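If you want the building blocks of each chain, they are given just below.
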Amino acid sequence: MKRILCLWFAACLAMALHAQPVAWQWRGPDTLPLFSGTGPCPNGMGLVSALYADPSQPSLLFAGSNTGGLFRSRNGGISWENVTDASLPQVTGIGSIVRDPLEPQRYYIGTGTSSYNREYGLGVWYTDDEGDHWYPTGLRFHPEEKDGIRASVKKLLIHPADPSIFYALVKDASGASVYRSTDRALSWTRVLDEKGEFFFDAEFAPGRPQTLYLGGRNLWISYDGGDQWIRSAIGAPVPEEVHRIALSVHPGYPSTAWAMLETSGKRGIVLARTDDEGRTWRTLSTHTTGQLSVGQWKMEFSVSPRDTAVFYAGGVYMHRSDDNGRSFRTISSNRFNTPQWMHVDVRSMLVFPGRLTDHILAGHDGGVSVSYDNGDSWRDISGQGLGITQFWGIALDSQRGRILGGTQDLGMLGFDGSVWHNAAVYGDAYDGVFFSGKSDTILMAVNSGSPGVRRSVDGGKTWSFVKLPFTTGRSDMAVAYTPSAPEQVLLGLHDVRLSRDFGKEWIRISDFSRDFGVAQWESLSALAVAPSNPRVIYAAYGEPAWSNEARRRIFRTSDGGDRWEDITEGLMGVRWAGITEISVHPSDPNELWVSVNGFWGDDDGTVFKVFRSRDGGRNWENVSDGLPNLPVNCLLVLPLQRRLLAGTDAGVWSSPLKGGRWEEWNLGMPRAIVSDLELDEGRETVFASTFGRGLYTLHLASDGGQHPREKRRRFLGLF
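In this report, the structure presented in the accompanying data block is examined. Model, not experiment: these values are computed from the prediction. Residue numbering note: each chain is counted from 1, following its sequence as written. Local features are withheld for residues below a pLDDT of 70 in this predicted model, meaning they are given only at 70 or higher, and side-chain atom pairs are given and counted only at 80 or more; totals for whole chains, interfaces and linings count all residues. Side-chain metrics rest on all non-hydrogen atoms present in the structure, leaving aside hydrogens and water.

### A few points about the overall build of the protein
Okay, step 1: Elements are defined by DSSP. Helices are runs of H or I of four residues or more, strands are runs of E of two residues or more, and each kind is numbered from the N terminus. When helices and strands are tallied, the protein shows 3 helices and 56 strands.
Okay, step 2: Our radius of gyration looks at C-alpha atoms and nothing else; its globule reference is 2.2 Å times the residue count to the power 0.38. Computed over C-alpha atoms, the radius of gyration of the protein comes to 27 Å, within 12% of the 27 Å expected from 2.2 N^0.38 for 719 residues, which places it in the range of a compact globule.
Okay, step 3: For the C-alpha atoms alone, the extent of the protein along its principal axes is close to 85 × 60 × 50 Å.
Okay, step 4: Evaluated residue by residue, the protein yields a buried proportion of 60% over its 719 residues.
Okay, step 5: Contacts spanning at least 24 positions in sequence make up 48% of the contacts within the protein whose residues lie at least 6 apart.
Okay, step 6: Carbon and sulfur atoms make up 49% of the accessible area of the protein, which amounts to about 27900 Å² in all.
Okay, step 7: For the protein, the distance from the average position of its 72 positive side-chain charges to the average position of its 81 negative side-chain charges is 4 Å. Between buried and exposed lies partly exposed: a residue is buried under 20% and exposed over 50% of the maximum accessible area for its type, with that area taken using a 1.4 Å probe on protein chains only. Residues are treated as being in contact if the distance between any of their heavy atoms lies within 4.5 Å. Under the convention used here, a 1.4 Å probe and the Shrake-Rupley method define accessible areas, while residue burial counts only the protein chains that appear. Charged-residue counts in this description rest on Lys and Arg as positive and Asp and Glu as negative, His and the chain ends being excluded. Here the site of a charge means NZ on Lys, CZ on Arg, CG on Asp, or CD on Glu.

### Section: the pattern of salt bridges
Okay, step 1: When a carboxyl oxygen of Asp or Glu is within 4 Å of a side-chain nitrogen of Lys or Arg, the pair counts as a salt bridge. Within the structure shown, the criterion is met by 41 salt bridges.
Okay, step 2: Residue Glu 81 is joined to Arg 72 by a salt bridge in which the shortest nitrogen-to-oxygen separation is 2.8 Å.
Okay, step 3: When its relative accessible area of 5% is taken as the criterion, Arg 72 is described as buried.
Okay, step 4: Through salt bridges with shared partners, a single network forms among Asp 495, Arg 508, Asp 511, Arg 514 and Asp 515.

### Brief notes about the sheet that holds strand β25 (residues 329-330)
Two orientations exist for strands paired in a sheet by backbone hydrogen bonds: parallel and antiparallel.
Okay, step 1: In this scheme, strands are said to pair when DSSP sees at least two bridges between them. Taking strand neighbours across the sheet as the criterion, the 4 strands line up as β22-β23-β24-β25 in an open arrangement whose pairing is antiparallel. Where the open sheet ends on each side, the last strands, each with one partner, are β22 (300-303) and β25.
Okay, step 2: Here strand β23 (residues 311-314) runs beside strand β24 (residues 318-321); their pairing, made up of 4 bridges, is antiparallel. By the bridge assignment, Tyr 312 is partnered in β24 with Arg 320.

### Considerations on the sheet that holds strand β47 (residues 592-596)
Okay, step 1: Strand order across the open sheet formed by 4 strands is β46-β47-β48-β49, with antiparallel pairing between neighbours. Edge positions in the sheet fall to β46 (579-584) and β49 (621-622), since each has one partner strand and no second.
Okay, step 2: Here β47 pairs with strand β48 (residues 610-613) via 4 bridges, running antiparallel. Bridge assignment links Ser 595 to a residue of β48, and that residue is Val 610.

### Observations concerning the pairing of strand β34 (residues 428-435)
Okay, step 1: With 7 of its 8 residues buried, β34 lies for the most part within the structure.
Okay, step 2: Pairing between β34 and strand β35 (residues 438-447): 6 bridges, direction antiparallel. The residue bridging Val 433 from the neighbouring strand is Leu 443, located in β35.
Okay, step 3: The turn linking β34 back onto β35 is made up of 2 residues, and Gly 437 within it adopts a positive phi angle of 80 degrees.

### Points about the packing of aromatic side chains
Okay, step 1: The aromatic pairing rule takes the rings of Phe, Tyr and Trp, using the six-membered ring of Trp, and pairs them if the centres are within 6.5 Å, calling planes under 30 degrees apart stacked, those over 60 edge-to-face and the rest tilted. Throughout the structure, instances matching the rule amount to 31 aromatic pairs.
Okay, step 2: When the ring of Phe 35 is compared with that of Phe 336, the centres are 5.5 Å apart and the planes differ by 85 degrees; the resulting orientation is edge-to-face. With Phe 35 in the loop between β1 (25-28) and β2 (48-53) and Phe 336 in the loop between β25 and β26 (346-353), this pair connects stretches of sequence that are 301 residues apart.
Okay, step 3: Note on Trp 600 and Phe 608: the rings are 4.1 Å apart at their centroids and 25 degrees apart in plane angle, and the pair reads as stacked.
Okay, step 4: On the accessibility criterion, Phe 608 (3% relative accessible area) is buried.
Okay, step 5: One cation-aromatic arrangement involves Lys 171 over Phe 198; the distance from NZ or CZ to the ring centre is 5.3 Å.
Okay, step 6: Only Lys NZ and Arg CZ are tested; either one counts as a charge over a ring when it is within 6 Å of the ring centre and within 35 degrees of the ring normal. The aromatic ring of Tyr 223 is capped on one face by Arg 279, whose charged end is 4.4 Å from the ring centroid.

### Points about the side chain of Thr 274
Okay, step 1: Considering the arrangement of structural elements, one finds Thr 274 in strand β20 (residues 269-274).
Okay, step 2: Thr 274 sits in the buried class, given a relative accessible area of 0%.
Okay, step 3: At 2.8 Å, the side chain of Thr 274 forms a polar contact with the side chain of Asp 276.
Okay, step 4: Excluding its chain neighbours within four sequence positions, the residues that come into contact with Thr 274 are Ser 255, Thr 256, Ala 257, Arg 279, Thr 280 and Trp 281. Here a polar contact is recorded for every N or O atom pair within 3.5 Å, except that within protein the pair must consist of a potential hydrogen donor and a potential acceptor, and residues adjacent in sequence are included only if both atoms are side-chain atoms.

### Some details on the nonpolar core
Okay, step 1: Counting 21 residues, the largest nonpolar core has Ile 554, Leu 571, Ile 579, Ile 582, Val 594 and Trp 620 as the members making the most contacts within it.
Okay, step 2: Residue assignment for this core shows that the elements contributing at least two residues are β42 (524-530), β43 (533-541), β46 and β47.
Okay, step 3: With residues up to four places along the chain from it excluded, the contact list for Ile 579 reads Ser 525, Ala 526, Ala 540, Tyr 541, Gly 542, Arg 553, Ile 554, Leu 571, Val 574, Val 594, Ser 595 and Val 596.
Okay, step 4: Buried residues of nine kinds, namely Ala, Val, Leu, Ile, Met, Phe, Trp, Tyr and Cys, make up a nonpolar core once their side-chain atoms join them within 4.5 Å. Residues Leu 498, Ile 509, Ala 539 and Tyr 541 belong to the second largest nonpolar core, which totals 17 residues.

Below, the structure written as structure tokens:
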């Protein structure tokens, strides 16, 4: 009986160690963070890449994030809810939303993540209950499969009178394609395939849906429903490269279309018009990018449905022309609490005719805004619950339990456990560090006008640029820190830079080009300092070798940078994928784990995502069993639980520290891109930042975190 009880008790403890203790909690932000700064305001919720609204049902809105899935509002943007998490196998970007013209409850979405160095999606999906449940169509992609298609759907067109006919604009790593379905999305045929292209926009000729206009880096026209395509030069007077073409049509003009082009030539931004279905074009006007802030990655264009002499253009700002495109004026502002305030970088736009004015919906890098007066004033309707913030990384202050997150285009966001605030740093921010014992001193890598580092000595209230004795050349630099060396911080650029005075002065402690022949253009993607010995440092490059031969990708020093050694040999994971993270055992500087991105797997089902070395990198083993064939972005060691966490493109996964099969740890969290993992050991809390779904926390103790730490050590010490 005693032996049975012992075995039962051991089994229970093993289950406690291997099971996820409690659910993740979403911590937001779910509303606009507090902003008390002056000047330009970076506030917002996150990037909205697709919108759908029906003027006959103005309270129903759909907004798609480019990394965070689809959200629905039934009250005009006062509150939002996600509608794709329960149906799709993982969180994905949304490129387009269309509704069946004959069945108002039936919608289709084109999926795909085109951010975070990703280009893949799940194809085209549909709902027949206004978004509550979603199902795949015949155009479905399986990116995790070894030979799966990795492509994203940029735009969907549904025939205005025959909902059995669809067109999908698809982008992959090599170029762009147009797929067509004639059986209500059950089966699809590729009708145009162009290497090196990037299709951005498409329109039917009003009343003549056999004619399609397609805008990419070229203008394409089909007069037979997509069977044949003609490339048009739009009457360019001189040879010039076109970066992007946006299109607009008007229901009252069946032979007319308008085009906006960004060119590399002297003409700059060009407005053109055709009145014979694209056979000939005439230039209406040209503008500089200073006059009209549109470009390759931000160009929305529409002719007013009430007046064809009125044009709207969305780029960095919103613009309107009232004189047939001859001149434009800016109708939005980045100044907070002004009638024109709207977050910058317009990614989607819908224009509807009101009774006396145009009504405009704009999706941008901060969420959703609406105007009811031709764009003269704007109101943010990101509301409650549009939780699509894209965090590149987070810095943890374990003394006070607060975090500072670096975001895509929302600057730095601080969180004290209950309230979010904006740190008034414009642009993007990335990784950083709160210095142990001096936690009001913070260092963050940023791109606020230019790449660099910002430093605060008052807990994030004010910031100053750190004057560096070198050119960064990039903003997403790797940052490494360990509390065992509280004044020391490392930056990874092409080489490793070290500061021993909280980031004031910097020295270079590596020369990988001279010593190992690493190309000067390559950038370090990961840095790690051994917690038990700060003189042991690991540094890795993020580019794959694309070869069966081992290429110098990861290095180690055991003397603080005086001498480095190449430890790449045997780490086959860096041949076909790039290194994303290095994590070192808390008490053994020679035991480490490396994660890689990409979709590398063998024919027998073996995947290559996480590798371990127990001897400082001399030998490596693949410890990826159970992980999905998706990129792994970050790693975290849980020393008391003796487990390793991996942040992937499909949420968080967990494995025993000594090895074993990975299991999903996503209770309470959608299968989103996890960009960073941090452990507050004193509070037994894991912080997980996502690129598209905000911040999550997980309390590790099974009884809500009430075990004294010493008692938990004895408890876990039974194993």
